[in-house]
Amino acid sequence: MNDTLFHEGAPQAKSKAPSLMEQIEGVFTAPRALFDKLNAVPSWVPALILTVVIGLAVTIVWGLKVDVDAMLRPILEANPKIPADQLDNIIQMQSKFILPFGILGVLFGIPIVSLIAGLINWALGRGFKEEGAAVPTFLQGLSAAVVPMLIRIPDSLIIFAMCLLKPVGGHKPDQVAPTSLGYYLHVASPKLQALFYQINPFIIANFVLGYLAMRHIVKAKPLGAAISVGIWILLILVGVAFAK
């Protein structure tokens, strides 16, 4: 006799979201399987907390060691609107706020950006839904925005170690790790140099995982997934365009 007769109407066991360790392992070893699980049971809070904690560690160790004068003076000197006799005062004032503002930027910036990314993913998922797929939820969009960022943990830890063990000088956090092209190539153009710092295998991997997350967590069509990734690539290029 079919056993299902005796189990008809019995409550189904609720699927459990992948743990943080499973998510970290999954983004490196089996992202598609991980994202399929997150489609069924979205999860983003543990990954976001870890991202913020690591971001705080990097910001604090960098902020305590950076030479603010060496970082800001060339930029300020290139601005003809700033009087030369005001440079020292501006740099002295900036040096007092760079660490607290950096901490606030991590505490509020990362969650706000993640929220915006989640909204974008959710909207694109609804507009470019795969045939036969369920309408995506906001939690799926948020998971697709946050979990792929875990691929950048090694890069962040390398930056932390470099800031902790070596002189920082006037370099920004993304300029001290040997994981970007900009660490090895130095050119006169600040915009081209800024672009080189963004050519980083972990950043590229984040974009690839973001695309896969849109396809398998949100169940968006390829065009919707590509638009999601393209938005963040465009924002990076805008930042490069304003580099000084």
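These remarks concern the structure in this document. All residue numbers here refer to positions counted from 1 along the written sequence of the relevant chain. Thresholds applied to this predicted model are a pLDDT of at least 70 for local features of residues and 80 or more for the giving and counting of side-chain atom pairs; totals over whole chains, interfaces and linings are not thresholded and use all residues. By convention in this description, side-chain values take in all heavy atoms of the structure and omit both hydrogens and water.

**Some points on the layout of surface pockets**
Detection works on a 1 Å grid of protein atoms alone, calling trapped sets that fit a 1.4 Å probe cavities and calling open sets with protein on both sides within 12 Å along at least five of seven lines pockets, with lining residues defined by an atom within 4 Å of a point. Grid points are joined across faces, edges and corners, and a volume is the space filled by probe spheres set on the points. If you add up the space inside the second largest pocket, you get close to 160 Å³. Met 162, Cys 163, Lys 166, Pro 167, Val 168, His 171, Gln 175, Val 176, Tyr 183, His 186 and Tyr 197 are the residues that line the second largest pocket. Under the grouping applied here, Gly and all other residues not named as nonpolar or charged are polar, the nonpolar ones being Ala, Val, Leu, Ile, Met, Phe, Trp, Tyr, Cys and Pro and the charged ones Asp, Glu, Lys and Arg. Residues belonging to the lining of the second largest pocket are distributed by class as follows: seven nonpolar, three polar and one charged.

**Looking at the side chain of Asp 155**
With respect to the helices, strands and loops of the structure, Asp 155 is situated in helix α8 (residues 153-165). No salt bridge forms around the buried Asp 155; measuring N to O, its nearest opposite-charge neighbour Arg 152 is 4.5 Å away. Side-chain polar atoms of Asp 155 contact the side chain of Thr 179, separated by 2.5 Å. Think of it this way: any DSSP run of H or I at least four residues long counts as a helix, any run of E at least two long counts as a strand, and we number them from the N terminus. Exposure is judged per residue with a 1.4 Å probe applied to protein chains only, and the accessible area is read against the type maximum: over 50% gives exposed, under 20% gives buried, and values in between give partly exposed. Only four residue types enter the tally: Lys and Arg on the positive side, Asp and Glu on the negative side; His and the chain ends are excluded. A side-chain nitrogen of Lys or Arg and a carboxyl oxygen of Asp or Glu constitute a salt bridge if their distance falls within 4 Å. Definition of a polar contact: a pair of N or O atoms within 3.5 Å, with one able to donate and the other able to accept a hydrogen when the atoms are protein atoms, and with sequence-neighbouring residues admitted only if both atoms are side-chain atoms.

**With respect to helix α9 (residues 190-198)**
For α9, the set of buried residues is Gln 193, Ala 194, Phe 196 and Tyr 197. Seen end-on, α9 carries its buried residues on one side only, within an arc spanning 155 degrees. The directions considered for the arc run from the helix axis to the C-beta atoms.

**Remarks on helix α4 (residues 45-65)**
Helices are assigned an expected span. That span is 1.5 Å times one less than the residue count. In this model α4 runs 31 Å from its N-terminal to its C-terminal C-alpha over 21 residues, within 8% of the 30 Å that 1.5 Å per residue would give. Listing the buried residues of α4 in full gives Ala 47, Leu 48, Thr 51, Val 52, Ile 54, Gly 55, Leu 56, Val 58, Thr 59, Val 61, Trp 62 and Gly 63. In what follows, residue pairs with any heavy atoms lying within 4.5 Å of each other are defined as contacts. Looking at the buried residues of α4, the elements they touch are α2 (20-29), α5 (68-77), α6 (87-127), α7 (138-146) and α8.

**Considerations on the nonpolar core**
The definition of a nonpolar core used throughout is a set of buried Ala, Val, Leu, Ile, Met, Phe, Trp, Tyr and Cys residues joined through side-chain atoms within 4.5 Å. In terms of nonpolar packing, the biggest core is built from 43 residues, with Val 27, Phe 35, Trp 62, Val 147, Leu 150 and Cys 163 touching the most fellow members. Secondary structure elements with two or more residues in this core: α2, α3 (31-40), α4, α5, α6, α7, α8 and α10 (201-216). It is α4 that provides the largest number of residues to this core, a total of eight residues.

**Comments concerning a nonpolar patch on the surface**
Residues forming no salt bridge and having over 30% relative accessible area are the ones grouped into patches, like charges within 9 Å of each other and nonpolar side chains (Val, Leu, Ile, Met, Phe, Trp, Tyr) within 5 Å. The Shrake-Rupley method, run with a 1.4 Å probe, gives the accessible areas here. Residue values count only the displayed protein chains as cover. Taken together, Leu 181, Tyr 184, Leu 185, Val 187, Leu 192, Leu 195, Ile 199, Ile 204, Val 208, Ile 233 and Leu 237 make up a surface patch of nonpolar side chains, about 860 Å² in accessible area. Elements supplying a minimum of two residues to the nonpolar patch: α9, α10 and α11 (222-241). With respect to the helices and strands, the residue Ile 233 is situated in helix α11.

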